[in-house]
There are 2 protein chains.
Amino acid sequence: MLKKAVPIVVVRRLPRYYRYLSELLEGGTTRISSKALSEKMNVTASQIRQDLNCFGGFGQQGYGYNVEELQKTIAEILGLHRNYTMIMIGAGNLGRAIANYAGFKRRGFNLIGIFDNAPELEGQVVNGVTVMHTDKLENFCKIHKPQIAALTIPKASVNELANRLDSYGVQGIWNFSHADIVTDRAIPVESVHLSDSLMTLSYRVSAAMEQEEAES
Amino acid sequence: MLKKAVPIVVVRRLPRYYRYLSELLEGGTTRISSKALSEKMNVTASQIRQDLNCFGGFGQQGYGYNVEELQKTIAEILGLHRNYTMIMIGAGNLGRAIANYAGFKRRGFNLIGIFDNAPELEGQVVNGVTVMHTDKLENFCKIHKPQIAALTIPKASVNELANRLDSYGVQGIWNFSHADIVTDRAIPVESVHLSDSLMTLSYRVSAAMEQEEAES
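All values reported here derive from a predicted model rather than from experimental measurement.

### Some details on the pairing of strand S7 (residues 148–151) of chain A
All names here are of chain A. The two faces of S7 match: Ile148 and Ala150 on one face and Ala149 and Leu151 on the other face are all buried. Judged from the four bridges that link them, strand S3 (residues 84–89) and S7 form a sheet pairing that is parallel. Its bridge partner lying in S7, isoleucine 89 is registered against leucine 151. As paired elements, S7 and strand S8 (residues 172–175) share four bridges and run parallel to each other. Following the sheet pairing, leucine 151 is matched in S8 by asparagine 175. Chirality of the crossover, the property in question, places the unit of S7, helix H9 (residues 158–167) and S8 among those that are right-handed.

### Observations concerning the relation of the copies chain A and chain B
Once turned by 180 degrees and shifted 0.0 Å along the axis, chain A lies on chain B with an RMSD of 0.0 Å. What we have between these two chains is a two-fold relation. Minimal C-alpha distance to the rotation axis in chain A is attained by A:Ala97, lying at 3.0 Å. Most of the interface of chain A is mirrored in chain B: 100% of its interface residues are interface residues there too.

### With respect to the environment of B:Leu78
Along the polypeptide, B:Leu78 turns up in the loop between helix H5 (67–77) and strand S3 (84–89). Its relative accessible area of 0% is what places B:Leu78 among the buried residues. Not counting residues within four places of it along the chain, the set of residues in contact with B:Leu78 comprises A:Met199, A:Ser202, A:Tyr203, B:Leu14, B:Pro15 and B:Tyr18.

### Some points on unusual backbone geometry
Residues other than glycine seldom take positive phi values, yet A:Ala186 does so here, at roughly 55 degrees. Here A:Ala186 is to be found in the loop between S8 and strand S9 (189–191). According to the relative accessible area criterion, A:Ala186 is exposed, its value standing at 60%. Phi at B:Asn127 takes a positive value of approximately 50 degrees, unusual for a residue other than glycine. In this structure, B:Asn127 sits in the loop between strand S5 (125–126) and strand S6 (129–133).

### Focus: the pattern of salt bridges
Considering all chains together, one arrives at 26 salt bridges over all chains under this definition. The closest approach of N and O atoms between B:Asp180 and A:Arg19, which form a salt bridge, is 3.3 Å. On the criterion of chain membership, the pair formed by B:Asp180 in the loop between strand S8 (172–175) and strand S9 (189–191) and A:Arg19 in helix H2 (residues 14–26) is interchain, its members lying in two chains. What makes B:Asp180 buried here is its relative accessible area of 18%. Counted as one network, the salt bridges with shared partners bring together A:Arg16, A:Arg19, B:Asp180 and B:Asp196.

### A short note on helix H4 (residues 45–53) of chain A
Residues and elements named next belong to chain A. Among the residues of H4, those classed as buried are Ala45, Ile48, Asp51 and Leu52. The arc that holds the buried residues of H4, viewed along the axis, is 125 degrees, so those residues lie on one side. Facing away from the buried surface of H4 by more than 90 degrees, the exposed residues are Gln50 and Asn53. Close packing links the buried residues of H4 with helix H1 (8–11), H2, helix H3 (34–41), strand S2 (65–66) and helix H5 (67–77).

Cut-offs and rules
Residues numbered from 1 in each chain as written. Chains lettered and ligands numbered in written order. Predicted model: local features only at pLDDT ≥ 70, side-chain atom pairs only at ≥ 80, totals over all residues. Heavy atoms only, no water. Buried < 20%, exposed > 50% of the residue type's maximum accessible area, 1.4 Å probe, protein only. Helix = DSSP H or I, 4+ residues; strand = E, 2+ residues; numbered from the N terminus. Pairing = 2+ DSSP bridges. Right-handed = clockwise from strand over helix to strand, strands pointing away. Least-squares fit on C-alpha atoms with pLDDT ≥ 70 in both. Contact = heavy atoms within 4.5 Å. Salt bridge = Lys/Arg side-chain N within 4 Å of Asp/Glu carboxyl O. Arc of directions from axis to C-beta.

In structure tokens, the structure reads:
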């Protein structure tokens, strides 16, 4: 109900709000003005007021926001009150690092299976979960119905795999491969493109260097 | 020169163009129309024409784009013709996975040092580079002048460290910690916020579930 009213551009800013509000709570702050929050987050106070107005008038004029209430509401909008079962496909360096990443358990994502094509990885234990060969994937999905799949595999096979996962009932994909995924039924895909991020950094560093060279 | 004319919103789209053009080249395509490229990339042809016009009229009416020429120009704008020296701070699971990530070497980023606070990691070899204790960081920077630092450390210490790196002459930061970094002199920081990405996925999956629940 609530969610339909929140524009996607605002949604993409919510994790950052959640992060800052959680830090405030950890530090014992119970109330904060939009001005103080805006200085902390380096956005304008009016942007904050507009964003937060999308899901109800939290700030009271002169009283500021109730940090705990606001954090809780954002968590609910983000679906963080739910629990998801997750599988990981790709048990290489990146897959193992992500599997060992403590953050997603805290967000309600429970890793229940890890798969890889390489026979030599079969049977290895990563963060308490045993790596299985990918040929067991379909059967595993039938029995355990994982909701999320994290993909840390080469780009070549990623689209075909995403469609298979979709047909097995997976409802969302966390994609680390260097490809954009478009599934036939368009299930949600969130991509972390390390290489794109590195290229943007390259641009910015290179631009700063050029400017220095031009000025000297 | 060129770069100043390219708006930052376009810059952020360039890695994706680069990725698709590289794939086309690998597949032997030498020429492509904005229409065909737009279908492949799932954006409008007019957006592509607008974006690419920012740095010169590449498409010839009726002839399409020269894929190699366009890819080369984008690479140059992104600074991919340069080579950067990079250090990694944090040799935990994520740090090691990133250090082993083949992609950044291909982009001209050469890893020359890895640092960690944990004494038990000192001396371990990751992707051919020996982990040093962080107390050797300053001296290392004086001698080797690394240009980029990748940070895979807890958020608590990240801002203070970023400012130290800035004072040591580091020119850009690739940030994997769950914090936004603002340095005193505002050197470029590109962040990969895994947790934010996961929360956005949570929102989208949760929203789809709610809709299904409402419809059933």
